[in-house]
Amino acid sequence: MKFYGGKSVTDVALTINNKKHIQNVPDHMLLVDFLRETLKLTGTHIGCDTSQCGACVIHVNGKSIKSCTMLAVQADGCEITTIEGLADGDILHPMQQAFHENHGLQCGFCTPGMIMTAIELIEGNTDITEQQIRHGLEGNLCRCTGYQNIVKSIQEAARIEHH
Amino acid sequence: MYSFSYVKPGSVEEASGLLSNSEENKVISGGMTLLPTLKQRLARVENLIGLEKCGLEKITLEEGVLKIGAMATHDDVSISKLVKAENPAIAELASQIGDRQVRNRGTIGGSLANNDPSACYPAAVLALAGIIHTSKRYIKAKDFFVDLFETALEEDEIITAISLPKPEKAAYEKFPNPASRYAMVGVFVAKFEAETRVSVTGAGEGGVFRCREIESALSNQFLPESLSDIDIPAEGMISDIHAEADYRAHLTVEMAKRAVAKSLAR
Ligand code: FES
Ligand code: FES
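Within each chain, residue numbers correspond to sequence positions counted from 1 in written order. Each chain gets a letter, beginning with A, and each ligand a number, beginning with 1, in the order they are written. Under the rules for a predicted model, residues below a pLDDT of 70 receive no local features and side-chain atom pairs below 80 are neither given nor counted, while totals for whole chains, interfaces and linings still include all residues. Hydrogens and water are ignored here; the side-chain numbers use all heavy atoms of the structure.

**Examining the overall build of chain A**
- Assigned secondary structure in chain A consists of 5 helices and 5 strands.
- Secondary structure elements are defined from DSSP: runs of H or I of at least 4 residues count as helices, runs of E of at least 2 residues count as strands, and each element is numbered from the N terminus. Listing the helices and strands of chain A from first to last along the sequence gives β-β-α-β-β-β-α-α-α-α.
- Two things to know: the radius of gyration comes from C-alpha atoms, and the globule rule equals 2.2 Å times the number of residues to the power 0.38. Its C-alpha atoms give chain A a radius of gyration of 16 Å, near enough to 15 Å, the size a compact globule of 163 residues would have.
- Between buried and exposed lies partly exposed: a residue is buried under 20% and exposed over 50% of the maximum accessible area for its type, with that area taken using a 1.4 Å probe on protein chains only. Across the 163 residues of chain A, 52% fall into the buried class.
- Once local pairs closer than 6 in sequence are excluded, the contacts in chain A between residues at least 24 apart make up 56%. Contacts were defined at the residue level, with two residues in contact if any of their heavy atoms lie within 4.5 Å.

Take a look at the structure:
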């Protein structure tokens, strides 16, 4: 765990995966560390810590953001969704299901971020083209799949959503 | 990251007051440049002043001129109906900055204040002869961009909005760095009734600049073909591992041609 010394702390109140949290956080704590270290929501990954890989993508007020490049105090009052908030018990979110069925992952390290980006990507745009999907994944890196099956998974999720 | 305090003033006045308290205080908007800098301990701040509660995100038409709040994100600008109707080239430029996640956080004010030599917005603001409104005054684009990462902003001055006059035709074309998508060369062409203005980002050693050679060629005839025989000097162009100066000079003309063609097709 990273050491977050320093004297400035702030109370933040935020909703994460439909659950309200009030927590005292160091002002300079990154949102991703708050999720992973304080709340033990380790589904959100850290791949690079330099806003390049997208493994840390979550939704803040419905928009995808890289949680390694936002402070926990900046999320005060926000609605947050992480990968843990998608499934309904044992029933996977349609995007998770599509990744599952289309072999959209190998090691799985990039997957939480990919899925969070993908959900935003097809929202209100279910007739999205392959080209648009590839463009939309600019901020997410995968070292295993070569992206083909990720694109296929997102296409299928969009198709299902469309009907 | 060194520790700091995060404060969220409720108004621009309060924010600039805090800023003038100490040189160790800094303003943060989207944080897409500042946070990585702090993470690498390349900078140290006492107080980080978040502008999110200052009401600077509005996009409006003021006396017929498009005015974009400094805290409007690239995503806000790219999907704004008003921007699309008034100045579609700006919406398009915004939609091509960074990646989705950067566009969801990064702001127009932050981009301009940082004046990164490869940022996209400076090209648009200079070519459109935009006005930068601040907590103290307004600054014309031609006086605003001083040098690499350097602007006319004073230590305790905060950008509040940007006004952008409406051109007859305009477009932006960039040659993105394949890995990071910043503009290795980006050209904004804007045709007004009285003049044609062309600005180049990503290429100049002193940051964004107007390219007079291209402007005068286009002022005769605003067509891509007008640029067929143009050669611009490699002098003053950035040379790095991604592209040498003469290549950047060549790309500048090429991007300008494409931008003209795109603006005519709109
Ligand atoms: S960990 Fe945030 S982008 Fe890589
Ligand atoms: S599945 Fe391994 S990094 Fe994407």
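**Quick word on the side chain of Ser5(B)**
- When you line up the elements, Ser5(B) lands in strand β1 (residues 5-7).
- Of the residues examined, Ser5(B) reaches a relative accessible area of 18% and is grouped as buried.
- Leaving out residues up to four positions away in the same chain, Ser5(B) has contacts with Ser8(A), Asp27(A), Glu46(B), Asn47(B) and Leu48(B).

**Let's talk about the pairing of strand β10 (residues 159-164) of chain B**
All names here are of chain B.
- The buried count for β10 comes to 6 of 6 residues, which makes it a mostly enclosed element.
- Across 4 bridges, strand β5 (residues 65-69) lies against β10 in antiparallel orientation. The residue of β10 that forms the bridge with Ile 68 is Ile 162.
- At least two bridges found by DSSP between two strands is the condition for calling them paired. Pairing between strand β6 (residues 131-134) and β10: 4 bridges, direction antiparallel. Residue pairing for β10: Ile 132 is matched across the bridge by Ile 162.

**Structural notes on the nonpolar core**
- Core analysis: the biggest nonpolar cluster contains 39 residues, and Ile68(B), Val77(B), Ile90(B), Leu112(B), Tyr121(B) and Phe188(B) have the highest contact counts within it.
- The set of elements that each furnish at least two residues to this core consists of β5, α5 (88-95), α7 (108-114), α8 (121-127), α9 (141-144), β10, β11 (169-176) and β12 (183-191) of chain B.
- When residues in this core are grouped by element, the largest group, 6 residues, is from α8(B).
- Residue ranges for the domains originate in an automatic or database domain assignment. Each of domain 2 (59-164) and domain 3 (169-265) of chain B contributes no fewer than three residues to this core.
- Beyond its immediate chain neighbours, meaning those up to four positions away, Ile90(B) contacts Ile68(B), Val77(B), Val83(B), Tyr121(B), Ala124(B), Leu128(B), Leu164(B) and Phe188(B).
- Here the nonpolar core consists of buried residues drawn from Ala, Val, Leu, Ile, Met, Phe, Trp, Tyr and Cys, with membership extended through side-chain atoms lying within 4.5 Å. Counting 35 residues, the second-largest nonpolar core is a separate cluster that includes Leu30(A), Tyr6(B), Leu38(B) and Val45(B).

**Section: the interface of chain A and chain B**
- Opposite the 28 residues of chain A that make contact, chain B presents 26 residues.
- Once two parts are joined, some of their accessible surface, as seen by a 1.4 Å probe, is lost; buried area is that loss totalled over both. Its largest share of buried area at the contact with chain B, chain A owes to His28(A), Thr69(A) and Gln74(A), together 26% of the area lost on that side.
- Here a salt bridge means any side-chain nitrogen of Lys or Arg lying within 4 Å of a carboxyl oxygen belonging to Asp or Glu. Applying the counting rule to chain A against chain B returns 5 salt bridges.
- The residue Arg100(B) makes a salt bridge to Glu120(A) at a minimum N-O spacing of 2.8 Å.
- Two N or O atoms count as a polar contact when they lie within 3.5 Å, although within protein this holds only if one can serve as hydrogen donor and the other as acceptor, and sequence-adjacent residues are included solely when both atoms are side-chain atoms. Linking chain A with chain B are 15 residue pairs in polar contact (both at pLDDT 80 or more), by the criterion used here.

**Some thoughts on the domain arrangement of chain B**
- We note that the domain assignment places domain 1 (5-50), domain 2 (59-164) and domain 3 (169-265) within chain B.
- Once you take the C-alpha centre of each, domain 1 of chain B and domain 3 of chain B turn out to be 34 Å apart.

**Section: the packing of aromatic side chains**
All names here are of chain B.
- Two aromatic rings from Phe, Tyr or Trp, using only the six-membered ring of Trp, form a pair when their centres are within 6.5 Å; if the ring planes differ by under 30 degrees the pair is stacked, by over 60 it is edge-to-face, and anything between is tilted. Applying the stated criterion to the full structure yields 3 aromatic pairs over all chains.
- Ring geometry for Phe 144 against Phe 145: centres 5.1 Å apart, planes inclined by 90 degrees, an arrangement best described as edge-to-face.
- Residue Phe 145 is classed as buried on the basis of its relative accessible area of 13%.
- Here, a charge over a ring means that NZ of Lys or CZ of Arg falls within 6 Å of the ring centre while also lying within 35 degrees of the ring normal. In this structure, Arg 41 is placed above the aromatic ring of Tyr 2, and the distance from its NZ or CZ to the ring centre is 4.3 Å.

**Remarks on a negative patch on the surface**
All names here are of chain B.
- Together, Glu 23, Glu 24, Glu 46 and Glu 155 line one region of the surface with negative charge.
- Residue position: Glu 23 is located in the loop between α1 (12-21) and β2 (25-28).
- Assessed through its relative accessible area of 75%, Glu 23 is described here as exposed. Each patch groups residues whose relative accessible area exceeds 30% and which form no salt bridge, using 9 Å between like charges and 5 Å between nonpolar side chains of Val, Leu, Ile, Met, Phe, Trp and Tyr. Residue-level accessible areas treat just the shown protein chains as cover; the underlying method is Shrake-Rupley with a 1.4 Å probe. Charged residues are defined narrowly, with Lys and Arg counted positive, Asp and Glu counted negative, and His plus the chain ends left uncounted. We put the charge of a Lys on NZ, of an Arg on CZ, of an Asp on CG and of a Glu on CD.

**Observations regarding the environment of Ala259(B)**
Residues and elements named next belong to chain B.
- As for its placement among the helices and strands, Ala 259 is situated in helix α11 (residues 245-265).
- On the accessibility criterion, Ala 259 (0% relative accessible area) is buried.
- Beyond its immediate stretch of four places on either side in the chain, Ala 259 contacts Ala 171, Tyr 172, Glu 173, Val 187 and Val 189.

**Examining unusual backbone geometry**
- In this structure, Glu63(B) is a non-glycine residue whose phi angle is positive, near 50 degrees.
- Examined against the element boundaries, Glu63(B) turns out to sit in the loop between β4 (59-62) and β5.

**What to know about the sheet that holds strand β4 (residues 63-66) of chain A**
Residue and element names in this part refer to chain A.
- Read from one edge to the other, the open sheet built from 5 strands follows the order β2-β1-β5-β3-β4, with strand pairing classed as mixed. Looking at which strands have only one partner, the edges of the open sheet turn out to be β2 (19-26) and β4. Direction aside, the axes of adjacent strands within the sheet are offset by 40 degrees on average.
- Strand contacts of helix α3 (residues 111-122): β3 (57-60), β4 and β5 (79-81), with the helix running at about 40 degrees to β3, the strand carrying the most contacts. Every axis corresponds to a line fitted to the C-alpha atoms, with the helix fit spanning only the stretch in contact, and the corresponding angles, defined between N-to-C directions, vary from 0 to 180 degrees.

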